[in-house]
Amino acid sequence: MRAFITGGAGYIGSHLADRLLEGGNQVTVFDNFSTGQHRFLQQANTSEKFKLIKGDLLDKNDLQKAMANHDFIFHLAANADVRFGTEHPSKDLEQNTIVTHNVLEAMRSQGIKKILFSSTGSVYGEASVFPTPEESPFPVQTSFYAASKLAGEGLITAYCEGFGFQSWIFRFVSILGERYTHGHVFDFYKKLKSDPSRLKVLGNGKQRRSYLYIQDCIDALLLAIEKSREKVNIFNLGVDDYCEVNDSIGWICEELRVKPLLEYTGGDRGWIGDNPFIFLDTQKIQSINWKPKLSIKESVIKTVNFLRQNEWVFESRQ
């Protein structure tokens, strides 16, 4: 495989690059380093089959040139700061939806037919069925992030129908583990590092979430493209469990050996578009013999240990 990874210097993308290289594939990472990190590519850089291109997906000409001579596109680049969507409504449109169209057009110009896309479980909005299956009807969208990802899914499936593309679309829960650089564990760790005596918690702490360990995520991606051969392949990714934010806080504090005073902002959600309950049905991905190895608690602890050993990531996210 000659793989092209957008956002390949990021959290999930860099892990995917490592695993593809371990499998003997040629890998090109295309990243603008707005959030990606050169340090995440240290292992990849040791391979003769690895190539790094610094570029912007909004630059159509550079993207088309960079994509030449590849046969599989892994489109992972995105703006993932869900909670700040209302502060810059055009950001999700540009960095999630428009760049997805640019990727698809670059593929069409280069005769590339296969694409894997990182979507989100948030596209189900405030679902009425739990765990939520892939066939669940979509309710009203509640965040700019989810709306932009759903638009990306729509574009991809239309290109599959109109131009003979083949796609693998993954609706993730939040992913935890090594190289994690945004999300609640990151935020709580940073706050506790600054002041271990108190912790501000958005909402009431009773929001329910499911999470997945990064290596379990990569296992699922690679297994699906090997075994699922439909024109459009859509999978939920998560574990058969969920926890409250309060549970996660307890595990983090236990690992850091701190007992802060918890200060809740109130309400059943932390920000506009924050869904109080996300829990996905993963029977479809499990039907091809995938099963996560780590529990949510184990994933949280792995993430805390990574942050403790790599506090430079906080400086890079100032």
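The paragraphs below set out a description of the structure included in this document. The model shown is predicted, which means the values in this text are computed figures rather than measured ones.

**Quick word on the overall build of the protein chain**
Okay, step 1: Helix and strand counts for the protein chain come out as ten helices and 13 strands.
Okay, step 2: For 318 residues, the compact-globule estimate of 2.2 N^0.38 gives 20 Å, and the C-alpha radius of gyration of the protein chain, at 19 Å, lies within 12% of that figure.
Okay, step 3: Counting only residues that meet the buried cut, the protein chain has 52% of its 318 residues in that class.
Okay, step 4: Expressed as a percentage of contacts within the protein chain between residues at least 6 apart in sequence, the contacts between residues at least 24 apart total 81%.
Okay, step 5: Total accessible area on the protein chain is roughly 14200 Å²; 48% of this is exposed by carbon and sulfur atoms.
Okay, step 6: Taking the average place of the 37 positive charges on the side chains of the protein chain and the average place of its 38 negative ones, the gap between the two points comes to 2 Å.

**Topic: the pattern of salt bridges**
Okay, step 1: Taken as a whole and assessed by the stated rule, the structure comprises 14 salt bridges.
Okay, step 2: Asp 71 is the partner of Arg 2 in a salt bridge, and the nearest nitrogen-oxygen pair spans 3.6 Å. Note that Arg 2 is positioned in strand E1 (residues 2-6) and Asp 71 in the loop between helix H2 (60-67) and strand E4 (72-75), a separation of 69 residues in sequence.
Okay, step 3: A salt bridge links Arg 269 to Asp 268, with the shortest nitrogen-to-oxygen separation between them at 2.9 Å.
Okay, step 4: When salt bridges that share partners are traced, they join Arg 19, Asp 219 and Lys 293 into one network.

What counts and how
Residues numbered from 1 in each chain as written. Predicted model: local features only at pLDDT ≥ 70, side-chain atom pairs only at ≥ 80, totals over all residues. Heavy atoms only, no water. Helix = DSSP H or I, 4+ residues; strand = E, 2+ residues; numbered from the N terminus. Rg over C-alpha atoms; globule rule 2.2 N^0.38 Å. Buried < 20%, exposed > 50% of the residue type's maximum accessible area, 1.4 Å probe, protein only. Contact = heavy atoms within 4.5 Å. Areas by Shrake-Rupley, 256 points an atom, 1.4 Å probe, with all protein chains shown as cover. Lys, Arg positive; Asp, Glu negative; His and termini not counted. Charge placed at Lys NZ, Arg CZ, Asp CG, Glu CD. Salt bridge = Lys/Arg side-chain N within 4 Å of Asp/Glu carboxyl O.

Shape is all these values report; function is a separate question.
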